[in-house]
Amino acid sequence: MTFPTIIHRTFLGNDARAWATALGVLVVVMTALMLVRRVVRNHLAAVAARTSTDIDDFVVDLLRRTHPLFLLLVALSSATLALQLPSGTRGHVKTVLFAGLITQMVLWGNELIAFWVRRYTRGPMAVEAGAQTTITAMAFLARLVLWALFLLLLLQNFGVQVTALITTLGVSGIAVALAAQSVLGDVFAAMSIFLDKPFVIGDFIIVDDFLGSVEYVGLRSTRIKSLSGEQIVMANSDLMKSRIRNFKRMAERRVVFQIGVVENLPYETVARIPGMIREAVLAQANVRFDRSHFKEYGDYSLNFETVYYVLSADYNLYMDIQQAINLALFRRFADEGIGFAYPTRTVIMSGDLALGGGPGLAPLDSGLREEVKR
């Protein structure tokens, strides 16, 4: 058989020259794709080594996860353009190429999920150990959804009718969701806690009548250590339905306190009391004075109200400052002859009523009034 005869022989409707052209296209395209993948990956890896951001590292990982078989499918698809193929055969080529594309996208999606997990479980953005359980569960659910979509698209690509399958899965999913409603509610509440971050481990919170420091945030429950020492376990769904007061987020603490002094004081002394309180407050560190006023006439006292800010959320620091202010006022009022007011009541004892009600005590005269301190 002569060479011209071989060239003009046809196979699947294409002569040897067309097949040679297709083979050349396959080799050139595959070589070019592999070369570009390697050059770009090496260049980005060198750039990523000099930068602090992790986005370029993620792009390098995506290039590494680009499978050579996917590039081969792209090269084969390009090579078929040089051939005269029946419409059915060309359709099969597109089907295989689309299946390869779906598979590659799943690999990229899995790498994206892994990058997200790495970003939130280590490095400068690392979360608490308790929240890592939630992140792991969210990553598992994301991968489950990703692979479910991959299988549905793959089956549809190969001509399988997935409508009935989706309907069946939907009904089954509703049944499972109803059966595990409380569990799923807690899981989604845990995701909400992680994403919205109303509190983190170590924060001091008040939820309804419960208060304490957050110890652990799990998929189903959050554990709080109360001030009295016991551990409070609350379902995440119940926690997210409640009003949460987070004291750890305070940048400063507003303090309002009142004192009452006796009524029989000279006008000049009463007028100087707000200044005395102001001096006692400003003598402390980490405070910002707001105001001090003679607020009102009480039933048994002259009442003064003072407002100041502690420039920290530390409760112990606040109590130390308030104690120092109280001691300073105690000493200053003693030096100035100012008495603190206490509630009193009038007790009327008459007739045969004896003081204390005990035997052997002489009765008091009728109408005798005595001021007795509480």
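Fair warning: this is a prediction, and the values are worked out from it, not measured in the lab.

1. Description of the overall build of the chain
Along the chain, the regular secondary structure elements total 11 helices and 12 strands. For the chain, buried positions account for 30% of its 374 residues. In the chain, 59% of the contacts between residues at least 6 apart in sequence involve partners at least 24 apart. Accessible surface, the chain: about 23700 Å² in total, of which carbon and sulfur atoms supply 62%.

2. Comments concerning the sheet that holds strand S8 (residues 253-261)
Taken together, the three strands give an open sheet; going across it, the order is S8-S10-S9, and neighbouring strands pair in antiparallel fashion. The outermost strands of the open sheet, each flanked by one partner alone, are S8 and strand S9 (287-297). Strand-to-strand, the axes of this sheet are offset by a mean angle of 20°, without reference to chain direction. For S8 and strand S10 (residues 302-310), the ladder comprises nine bridges, and the chain directions are antiparallel. Within S10, the residue paired with Val 256 across the bridge is Val 307. Packing against the sheet, helix H11 (residues 315-336) makes contact with S8, S9 and S10, and its axis sits at approximately 25° to S8.

3. With respect to the side chain of Arg 37
Here Arg 37 lies in helix H2 (residues 16-50). Residue classification places Arg 37 among the buried residues on the basis of a relative accessible area of 14%. Setting aside its immediate chain neighbours within four residues, Arg 37 contacts Leu 63, Arg 64, Thr 66 and Leu 71.

4. Topic: the pattern of salt bridges
Summed over the entire model, instances satisfying the criterion amount to seven salt bridges. Ionic pairing is found between Glu 111 and Arg 65, a salt bridge with its closest N-O pair at 3.8 Å. With Glu 111 in helix H5 (residues 87-121) and Arg 65 in the loop between helix H3 (55-64) and helix H4 (68-79), the pair connects residues that are 46 residues apart, well separated along the chain. The exposure class of Glu 111 is buried, given its relative accessible area of 9%. Looking at Arg 65, the relative accessible area reads 32%, which means it is partly exposed. Close ionic contact of Lys 295 with Glu 305 constitutes a salt bridge, the shortest N to O distance being 3.3 Å. Linking Lys 295 in strand S9 with Glu 305 in strand S10, this pair joins segments that are 10 residues apart in sequence. Judged by relative accessible area, Lys 295 falls into the partly exposed class, the value being 42%.

5. Quick look at the environment of Met 234
Note on placement: Met 234 falls in strand S6 (residues 231-235). Given the relative accessible area of 11%, Met 234 is considered buried. Along the chain, Met 234 and Arg 220 lie 14 residues apart, while their C-alpha atoms are 8.7 Å from each other. Once residues within four sequence positions are removed from consideration, Met 234 is found in contact with Val 207, Arg 220, Ser 221, Thr 222, Ile 224 and Leu 239.

6. Description of the sheet that holds S6
Reading across the sheet, the five strands line up as S6-S5-S4-S3-S7 and stay open at both edges, with antiparallel pairing between neighbours. Two strands in the sheet have a free side with no partner beyond their single neighbour: S6 and strand S7 (244-246). For this sheet, the mean inter-axis angle between neighbouring strands, taken without regard to orientation, is 40°. Of the pairings in the sheet, the one linking strand S5 (residues 221-226) to S6 comprises five bridges and is antiparallel in character. Residue pairing in the sheet places Ser 221 in a bridge with Ala 235 of S6.

7. Let's talk about H2
Given 3.6 residues to a turn, an α-helix orients residues that are three or four positions apart in the same direction. The end-to-end C-alpha separation of H2 is 51 Å, in line with the 51 Å expected for 35 residues at 1.5 Å each. Taken together, the buried positions of H2 are Ala 18, Ala 22, Leu 26, Met 30, Arg 37, Arg 41 and Ala 48.

8. With respect to the packing of aromatic side chains
As enumerated under the stated definition, the model contains nine aromatic pairs in all. Judged by centre distance (6.1 Å) and plane angle (70°), the ring pair of Phe 204 and Phe 247 falls under edge-to-face. With a gap of 43 residues between them, Phe 204 in strand S3 (residues 204-207) and Phe 247 in the loop between S7 and S8 connect regions that are remote in the sequence. Residue classification places Phe 204 among the partly exposed residues on the basis of a relative accessible area of 23%. In textbook terms, an aromatic cluster arises when at least three aromatic residues are bridged by ring pairs, as seen for Phe 294, Tyr 297 and Phe 304. Between Arg 288 and the ring centre of Tyr 309, over which it is positioned, the NZ or CZ distance is 4.5 Å.

9. Some details on the side chain of Thr 306
Note on placement: Thr 306 falls in strand S10. Polar contacts involving the side chain of Thr 306 include one to the side chain of Ser 292, which spans 3.0 Å. Beyond its immediate stretch of four places on either side in the chain, Thr 306 contacts Val 255, Val 256, Phe 257, Ile 277, Val 281, Phe 289, Arg 291 and Ser 292.

10. Quick word on the confidence of the model for the chain
The share of residues in the chain with pLDDT of 70 or more is 78%, and the mean pLDDT across the chain is 78. In the model, residues 349-374 has pLDDT below 50 throughout and makes 33 contacts with residues more than four positions away in sequence or in other chains.

11. With respect to the pairing of S10
Within S10, nine of the nine residues are buried, leaving the element largely enclosed by the surrounding structure. Of the two faces of S10, the one lined by Leu 302, Phe 304, Thr 306, Tyr 308 and Val 310 and the one lined by Asn 303, Glu 305, Val 307 and Tyr 309 are each fully buried. By the bridge criterion, nine bridges tie S9 to S10 in an arrangement that is antiparallel. Opposite His 293, over in S10, you have Glu 305 as the bridge partner. Count of turn residues in the S9/S10 antiparallel hairpin: four residues.

Definitions and limits used
- Residues numbered from 1 in each chain as written.
- Predicted model: local features only at pLDDT ≥ 70, side-chain atom pairs only at ≥ 80, totals over all residues.
- Heavy atoms only, no water.
- Helix = DSSP H or I, 4+ residues; strand = E, 2+ residues; numbered from the N terminus.
- Buried < 20%, exposed > 50% of the residue type's maximum accessible area, 1.4 Å probe, protein only.
- Contact = heavy atoms within 4.5 Å.
- Areas by Shrake-Rupley, 256 points an atom, 1.4 Å probe, with all protein chains shown as cover.
- Pairing = 2+ DSSP bridges.
- Axes fitted to C-alpha atoms, helices over the stretch in contact; angles between N-to-C directions.
- Salt bridge = Lys/Arg side-chain N within 4 Å of Asp/Glu carboxyl O.
- Expected span 1.5 Å × (residues − 1).
- Phe/Tyr/Trp six-rings, centres within 6.5 Å; stacked < 30°, edge-to-face > 60°.
- Lys NZ or Arg CZ within 6 Å of the ring centre and 35° of its normal.
- Polar contact = N/O pair within 3.5 Å; in protein donor to acceptor, adjacent residues only side chain to side chain.
- pLDDT = per-residue confidence, 0-100.

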